Amino acid sequence: MDLIKIGKFIAECRKKKNITQEELAEKLYITDRAVSKWERGLSLPDADKMLELCRILDINVNELLNGEKINMKDYEKKTDELLVELAKQEEVKNKKMITDMYVLGFTTIVFYIGITMLAAYTLGEGTLFGIIVGIATVILVIVALYAFKLEISAGYYECKKCHHRYVPDSYWKVMLSPHIDTTRYLKCPKCGERSWSKKVMSKGDNK
Ligand SMILES: [Zn+2]
């Protein structure tokens, strides 16, 4: 931190407000020598005085510690950059969930068919065959439920009518809805229309 720059900035803001060092000191319940020290860059305002000082000078703490006014445009730009970065991270995470869902689903179906056929060849029809197919079916159902949960958790559905993007409020409604791949026939909570809603990876309209 540049104490000299901060000091000059405090003095500059104080003069703009047409108040003397004594008046400023009085408002903050401190000595005018303390104010003088800040303005000469010999010390920094105590943390418990900073907010009040900023309020009086009509600046924010960020500006005080930078020793200059920060343009509102830069603020917005910085915020936008942060939001874009967060959206990207979310998108990557969601894409990974969908990939996991496909890998898991595919592996399990191959496993299921393999086990069933192997059991049929080696055991023929009988109790043991029934048990093995039964167990494999239970595993298949559990994995299907898990894969379904991945699909719901990843990203949003986009209404085809109004393009509203949303997370469905109920798993059951989604589970019972007809679907082609991850595109589902759902009722949009915004416009209330039913449409084939596409799965999208981010809330924004950039994709
Ligand atoms: Zn809609």
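Above this note sits the structure.
Calculation criteria
- Residues numbered from 1 in each chain as written.
- Predicted model: local features only at pLDDT ≥ 70, side-chain atom pairs only at ≥ 80, totals over all residues.
- Heavy atoms only, no water.
- Helix = DSSP H or I, 4+ residues; strand = E, 2+ residues; numbered from the N terminus.
- Buried < 20%, exposed > 50% of the residue type's maximum accessible area, 1.4 Å probe, protein only.
- Patch = residues over 30% accessible without salt bridge, like charges linked within 9 Å, V, L, I, M, F, W, Y side chains within 5 Å.
- Areas by Shrake-Rupley, 256 points an atom, 1.4 Å probe, with all protein chains shown as cover.
- Salt bridge = Lys/Arg side-chain N within 4 Å of Asp/Glu carboxyl O.
- Lys, Arg positive; Asp, Glu negative; His and termini not counted.
- Charge placed at Lys NZ, Arg CZ, Asp CG, Glu CD.
- Pairing = 2+ DSSP bridges.
- Arc of directions from axis to C-beta.
- Contact = heavy atoms within 4.5 Å.
- 1 Å grid on protein atoms, 1.4 Å probe; cavity = no way out; pocket = protein on both sides within 12 Å on 5 of 7 lines; lining within 4 Å.
- Points joined across faces, edges and corners; volume = space filled by probe spheres on them.
- Nonpolar A, V, L, I, M, F, W, Y, C, P; charged D, E, K, R; others polar.

Asker: I would appreciate a short explanation of the side chain of Arg165 in the present structure.
Answerer: Of note, Arg165 is situated in strand S2 (residues 165–166). By relative accessible area, which is 5% here, Arg165 ends up buried.

Asker: I keep staring at a negative patch on the surface and nothing clicks. Help me out?
Answerer: Taken together, the side chains of Glu22, Glu23, Glu26 and Asp32 define an acidic patch exposed on the protein surface. Of all the elements, helix H2 (residues 21–27) adds the most residues to the negative patch, at three residues. In this structure Glu26 comes out as exposed when scored by relative accessible area, which is 64%.

Asker: Just to check I follow, could you spell out the pairing of strand S5 (residues 194–200) for this structure?
Answerer: A regular strand places its side chains on the two faces of the sheet in alternate fashion. Bridging between strand S1 (residues 156–158) and S5 involves three bridges; their strand directions are antiparallel. Each bridged residue has a counterpart across the sheet, and for Glu158 the counterpart in S5 is Lys198. In terms of strand pairing, strand S4 (residues 183–187) meets S5 through four bridges, oriented antiparallel. Among the inter-strand pairings, Tyr185 is bridged to a residue of S5, identified as Trp196.

Asker: Sorry if this is basic, but what is going on with the sheet that holds S2 here?
Answerer: Hydrogen bonds along the backbone pair up the strands of a sheet, which may run parallel or antiparallel. Strand order in the open sheet made by the five strands is S2-S1-S5-S4-S3, with antiparallel pairing throughout. The two strands at the open ends of the sheet, each matched to only one other strand, are S2 and strand S3 (179–180).

Asker: How should I be thinking about the pairing of S4 in this particular structure?
Answerer: Here S4 shows one buried face, formed by Arg184 and Leu186, and one open face, formed by Thr183, Tyr185 and Lys187. Sheet topology note: the S3/S4 ladder contains two bridges and is antiparallel. The residue of S4 that forms the bridge with His179 is Arg184. What sits between the antiparallel neighbours S3 and S4 is a turn of two residues, in which Asp181 has the positive phi angle 55 degrees. Joining the antiparallel neighbours S4 and S5 is a turn of six residues, in which Gly192 adopts a positive phi near 75 degrees.

Asker: Got a minute to help me understand helix H3 (residues 32–39) in this structure?
Answerer: Because an α-helix completes one turn every 3.6 residues, residues spaced three or four positions apart along the sequence face the same direction. Among the residues making up H3, those that are buried are Val35, Ser36, Trp38 and Glu39. The arc that holds every buried residue of H3, seen down its axis, measures 160 degrees, which confines them to one face. Where the residues of H3 are buried, they touch helix H1 (3–16), H2 and helix H4 (47–57). Phi turns positive one or two residues past the end of H3, at Gly41, with a value near 75 degrees.

Asker: Would you mind going over the layout of surface pockets with me for this structure?
Answerer: A water-sized probe rolled over the atoms picks out the places where empty space is left. Empty space within the largest pocket amounts to approximately 390 Å³. Surrounding the largest pocket, 19 residues form its lining, Met101, Ala144, Ala147, Phe148 and His179 being those nearest its centre. At the level of secondary structure, the elements contributing two or more residues to the lining of the largest pocket comprise helix H6 (72–123) and helix H7 (127–153). Sort the elements by how many residues they give to the lining of the largest pocket and H7 lands first, with seven residues. Partitioning the lining of the largest pocket into residue classes produces eleven nonpolar, five polar and three charged. The calculated volume of the second largest pocket comes to roughly 230 Å³. Residue lining of the second largest pocket: Tyr166, Pro168, Asp169, Lys173, Ser177, Tyr185, Leu186, Lys187, Cys188, Pro189 and Arg194, and that is the complete set. Element by element, the count of residues in the lining of the second largest pocket is highest for S4, at three residues. Partitioning the lining of the second largest pocket into residue classes produces six nonpolar, one polar and four charged.

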